[in-house]
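As a plain string of letters, each chain reads:
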Protein chains: 2
Amino acid sequence: MEAITYELKHICKQTGARRGVIHTPHGDIETPVFMPVGTQATVKSMTPEELKEEVKAHIILSNTYHLYLRPGNKLVKEAGGLHKFMNWDRAILTDSGGFQVFSLGNLRTITEEGVEFKSYLDGSKHFLSPEKVMEIENDLGSDIMMAFDECVQYPAEYEYVKQSMERTTRWAERCKMAHKNTDKQGLFGIVQGGTYKDLREKSAKDLVAMDFPGYAVGGLSVGEPKELMCDVLQFTTKILPEDKPRYLMGVGTPDYLIEAVLRGIDMCDCVLPTRIARNGTALTSHGKVVVRNATYERDWRKLDEECDCYTCKNYTRAYIRHLVKTNEILGIRLLSIHNLRFLTRLMERVRTEIERDNLLNFKNEFYKKYGYES
Amino acid sequence: MEAITYELKHICKQTGARRGVIHTPHGDIETPVFMPVGTQATVKSMTPEELKEEVKAHIILSNTYHLYLRPGNKLVKEAGGLHKFMNWDRAILTDSGGFQVFSLGNLRTITEEGVEFKSYLDGSKHFLSPEKVMEIENDLGSDIMMAFDECVQYPAEYEYVKQSMERTTRWAERCKMAHKNTDKQGLFGIVQGGTYKDLREKSAKDLVAMDFPGYAVGGLSVGEPKELMCDVLQFTTKILPEDKPRYLMGVGTPDYLIEAVLRGIDMCDCVLPTRIARNGTALTSHGKVVVRNATYERDWRKLDEECDCYTCKNYTRAYIRHLVKTNEILGIRLLSIHNLRFLTRLMERVRTEIERDNLLNFKNEFYKKYGYES
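Residues numbered from 1 in each chain as written. Chains lettered and ligands numbered in written order. Predicted model: local features only at pLDDT ≥ 70, side-chain atom pairs only at ≥ 80, totals over all residues. Heavy atoms only, no water.

Attention now goes to the overall build of chain A. Per the secondary structure count, chain A includes 15 helices and 16 strands. Viewed in the frame of its principal axes, chain A has a C-alpha envelope of about 60 × 50 × 40 Å. Burial status across chain A gives 62% buried among its 374 residues. Expressed as a percentage of contacts within chain A between residues at least 6 apart in sequence, the contacts between residues at least 24 apart total 66%. Per element, the accessible surface of chain A, about 14,000 Å² overall, is 48% carbon and sulfur. The distance from the centre of the 52 positive side-chain charges to the centre of the 53 negative ones in chain A is 4 Å. (Helix = DSSP H or I, 4+ residues; strand = E, 2+ residues; numbered from the N terminus. Buried < 20%, exposed > 50% of the residue type's maximum accessible area, 1.4 Å probe, protein only. Contact = heavy atoms within 4.5 Å. Areas by Shrake-Rupley, 256 points an atom, 1.4 Å probe, with all protein chains shown as cover. Lys, Arg positive; Asp, Glu negative; His and termini not counted. Charge placed at Lys NZ, Arg CZ, Asp CG, Glu CD.)

What follows is the structure in structure tokens.
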């Protein structure tokens, strides 16, 4: 029995978007879903209870690379695993560290065996291989583990992307072999290939042949134009099996979430909602509100009149602005709760509109109100 | 009818410590009480719900000086007052700004009329007089307002302390005249006089003659030895009327709280619990725990085995240390909840021990365990 299974419930007749459920050892996840990011075993500024009760999150993401360096996967294992360590009893997805390690540029060296890199904390040398990453993710005990991959930035030469993609596929095979805990943790393969469709096709087909319980689309939203991303994504998801969940990594803004779902994506994650919260910015149904700005000094309205979150039930923009201007932590907290809830509420609505075969109409309405061009 | 009244319920036969209740327009406060400090219309890192449910606070303190500068008392008034602005429906005490303004040293000039000072934010010039401070505190709408006083540091010359104390008394008279909202806000006088008993006596008697609904003891715990503080405090509280609450400003550590209560004090406040939380330090029944230290890296115990707070119910020292080391806001939050609860729980126990006429025994037991010398 696989740890992770996917149940397709409905396909939107208007768009082809998927409505489903992912079953995990830590509960069911209604999809499409937005996953809050808890990089260092905490979703920044939030308690688990707030994630459950206010954000209504059923799965969060955590970062293998960061947890490997601090506090260390062995310490987390000793704590009883990541769920217990951080007091979160719902599902967790861990990335593979690939994105972070490859972002290090000159500070890392890639070989067939793996990647050597220097810690950003103390300059110490480390080596991550597919086997090592599986050991770390097994120690963390996440419900969904990602295979170790190379995320290539845009633009990149065809030859480099090809070699990298083929290595990522070989690494995926090694990950599958090394993964020790298949009854409790599901390992997802990651499709690479940049913006080259033949490479995406090869990557997807080779990974599908290995039969993972889920697939991620990596290496998108890394600098390429939105149209190109949408085109490559559409092409890629068509190759993936219908009975497995599909995850677009590192996305993102409300429009990217909707565009991804329209192209058959079930799962997304992004640090955006908590990052812009720390900047004094709110997501609202009428677009971004930079509540830090002087224009909100005496604005006695809630952040978003349509929102049901703790922040919108209890606080004015004027008060939140005061907290932001005086660098008070509560300001970050209130904005984080609201921004995360904005995206989970958006996805709740998206799920309803898929069921109603009405996602395209909803998209047009949402874009108009938000201020996006359709 | 006074806005603030005090009901004396019991005097500890062993020590003379007072057990009572302060009635305010925003609820009753069991005394002796520790008041968390919410300098800028927020108790740092906390929501009002956490203060109620986890800390079990019934009154908080906020700072007139800071709120006057940001966001401005007129804005708070427009919001419907401080309670509504910050979403706190229990009692609030505001200080007078005196402590902050006089701490400015060279940046302020004192005359009989009031104090001119420069803003630490933008260098702009401001003038605070007793009348101005009453206007600000009336705008804020706190339940308990403090009169505008000069807090003299230790050590100070007799002549200076005498002149300053006499001016503070004249200012208290002017505050009483200027206070506009006596049915909803109670104004407390502040006894000054440094460490000179004759000056303390004169200050206390003159203020008592003006008949305030409560009295603060100011200008203590400003650098003088603990023994001297205790001695002057004991002397001063004996002159104050039994039927009015007594507030020792800016105290403090667990031992200072107990010593104050032993000398007839009913109310205390201090930024210590939230400040040391931001430093990675916890108050526990066995003394301070600097959870940031390496020794707690794999410590799977709660912060304090006797504590009933959210933090102690759900998290290990090892996890809190990880959050502190990675500069995660949740670490500050968990330590702030715990430290504030530690002091409110200590005061709950102190109230019980007063009722049992057993406060001195409790003090000795607590000091031994905590590591203080009795």
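All names here are of chain A. Taken as a whole and judged by the stated rule, the model has 33 aromatic pairs over all chains. Taken together, the ring pairs in this structure connect Phe342, Phe362, Phe366, Tyr367, Tyr370 and Tyr372 into an aromatic cluster. The ring of Trp171 has Arg167 sitting right over it, with the charged end atom 5.7 Å from the ring centre. Above the face of the Tyr372 ring, Lys226 is positioned so that its terminal group lies 5.9 Å from the ring centre. (Phe/Tyr/Trp six-rings, centres within 6.5 Å; stacked < 30°, edge-to-face > 60°. Lys NZ or Arg CZ within 6 Å of the ring centre and 35° of its normal.)

Take the relation of the copies chain B and chain A next. By a simple turn and slide, chain B fits onto chain A: the slide is 0.0 Å along the axis, the RMSD is 0.0 Å, and the turn is 180°. When the rotation and shift are considered jointly, the pair of chain copies conforms to a two-fold rotation axis. Among all residues of chain B, the one whose C-alpha sits closest to the rotation axis is Ile329(B), at a distance of 3.8 Å. (Least-squares fit on C-alpha atoms with pLDDT ≥ 70 in both.)

What follows is about the nonpolar core. With 198 residues, the main nonpolar core has Leu248(A), Val350(A), Leu359(A), Leu248(B), Tyr319(B), Val350(B) and Leu359(B) as its most contacted residues. Ignoring any residue separated from it by four or fewer positions in sequence, one finds Tyr319(B) in contact with Ala41(A), Thr42(A), Phe85(A), Met86(A), Leu330(B) and Leu334(B). By size, the runner-up hydrophobic cluster in this structure holds 20 residues, among which are Ala3(B), Ile4(B), Ile59(B) and Ile190(B). (Core = buried A, V, L, I, M, F, W, Y, C linked by side-chain atoms within 4.5 Å.)

Moving on: the sheet that holds strand β14 (residues 267–269) of chain A. Residue and element names in this part refer to chain A. Spatial ordering of the open sheet is given by β4-β14-β13-β12-β11-β10-β6-β5, a layout of eight strands whose pairing is parallel. The strands lining the two open edges of the sheet, one partner per strand, are β4 (33–35) and β5 (59–62). With strand direction ignored, the average angle separating the axes of adjacent strands in the sheet is 25°. Bridge count between strand β13 (residues 246–248) and β14: two bridges; the pairing is parallel. Among the inter-strand pairings, Leu248 is bridged to a residue of β14, identified as Cys268. Against the sheet, helix α6 (residues 130–140) engages β6 (91–94), β10 (144–146) and β11 (186–191), with an angle of about 160° to β10. (Pairing = 2+ DSSP bridges. Axes fitted to C-alpha atoms, helices over the stretch in contact; angles between N-to-C directions.)

All names here are of chain A. Counted at 1.5 Å a residue, the expected span for helix α9 (residues 226–239) with its 14 residues is 20 Å, and the 21 Å between its end C-alpha atoms agrees. Taken as a whole, α9 has its buried residues at Met229, Cys230, Val232, Leu233, Thr236 and Thr237. Where α9 is buried, its residues meet β11, α8 (197–210), β12 (215–217), β13 and α10 (254–262). (Expected span 1.5 Å × (residues − 1).)

Turning our eyes to something else, we now look at the pairing of strand β3 (residues 27–31) of chain A. Across five bridges, strand β2 (residues 18–24) of chain A lies against β3(A) in antiparallel orientation. Within β3(A), the residue paired with Ile22(A) across the bridge is Ile29(A).

The next subject is the packing of helix α10 (residues 254–262) of chain B against helix α15 (residues 359–370) of chain B. Residues and elements named next belong to chain B. Orientation of α10 relative to α15, taken along the N-to-C sense of each, is 170°, at an axis distance of 11 Å. As the angle between them shows, α10 and α15 are arranged roughly antiparallel. Where α10 abuts α15, its residues Pro254, Asp255, Ile258, Glu259, Val261 and Leu262 lie against Leu359, Phe362, Lys363, Phe366, Tyr367 and Tyr370. (Parallel < 35°, antiparallel > 145°, perpendicular 65-115°, else oblique.)

Every contact between the two is made by 37 residues of chain B and, on the other side, 37 residues of chain A. For the pairing of chain B and chain A, the buried interface totals around 3,300 Å² over both sides, and the portion due to carbon and sulfur atoms is 55%. Seen at the junction of chain B and chain A, the total is six salt bridges. Note that Arg333(B) and Glu50(A) form a salt bridge whose closest N and O atoms lie 2.9 Å from each other. Summed over the shared surface of chain B and chain A, the result is 24 residue pairs in polar contact (both at pLDDT 80 or more). (Buried area = accessible area lost by both parts, 1.4 Å probe. Salt bridge = Lys/Arg side-chain N within 4 Å of Asp/Glu carboxyl O. Polar contact = N/O pair within 3.5 Å; in protein donor to acceptor, adjacent residues only side chain to side chain.)

Cis geometry is found at the peptide bond from Thr31(A) to Pro32(A), where omega equals 0°. Tracing the backbone shows Pro32(A) in the loop between β3 and β4. Here the amide bond leading from Arg70(A) into Pro71(A) is cis, since omega sits at 5°, within 30 degrees of zero. Structurally, the position occupied by Pro71(A) is in the loop between α2 (64–69) and α3 (73–78). Positioned with a positive phi, Asn87(B) is a non-glycine residue whose angle comes to about 65°. When you line up the elements, Asn87(B) lands in the loop between α4 (82–86) and β6 (91–94). Its identity as a non-glycine residue notwithstanding, Ser221(B) has a phi of 60°, on the positive side. Counting through the fold element by element, Ser221(B) comes out in the loop between β12 (215–217) and α9 (226–239).

It is worth spelling out the environment of Arg341(B) at this point. Note on placement: Arg341(B) falls in helix α14 (residues 329–355). Residues Arg341(B) and Lys288(B), spaced 53 residues apart in sequence, show a C-alpha to C-alpha distance of 14 Å.

Further remarks concern the packing of α9(B) against α10(B). Residue and element names in this part refer to chain B. For the pair α9 and α10, interaxial distance at closest approach is 10 Å and the crossing angle is 25°. Taken together, the axes of α9 and α10 are roughly parallel relative to one another. In the packing of α9 onto α10, the handedness of the crossing is right-handed. Side by side, α9 and α10 meet where Lys226, Met229, Cys230 and Leu233 of the first sit next to Asp255, Tyr256, Glu259 and Ala260 of the second. For the contact of α9 with α10, the class distribution of residues is five nonpolar, no polar and three charged. (Left-handed = near helix turned anticlockwise from the far one by under 90°. Nonpolar A, V, L, I, M, F, W, Y, C, P; charged D, E, K, R; others polar.)

The subject of this paragraph is the state of the cysteines. All names here are of chain A. Here the structure, examined in full by the defined rule, presents zero disulfides over all chains. Left unpaired, Cys270 is separated from the closest cysteine sulfur, that of Cys268, by 9.1 Å. Using a relative accessible area of 13% as the deciding quantity, one classes Cys270 as buried. (Disulfide = S-S within 2.5 Å.)

Residues and elements named next belong to chain B. Strand order in the open sheet formed by eight strands is β4-β14-β13-β12-β11-β10-β6-β5, and the pairing between neighbours is parallel. In this open sheet, the two strands that pair with only one neighbour each are β4 (33–35) and β5 (59–62). Looking at each pair of strands side by side, their axes are set apart by 25° on average, direction ignored. Contacts between helix α8 (residues 197–210) and the sheet are confined to β11 (186–191) and β12, with β11 contributing the most and set at about 160° to the helix.

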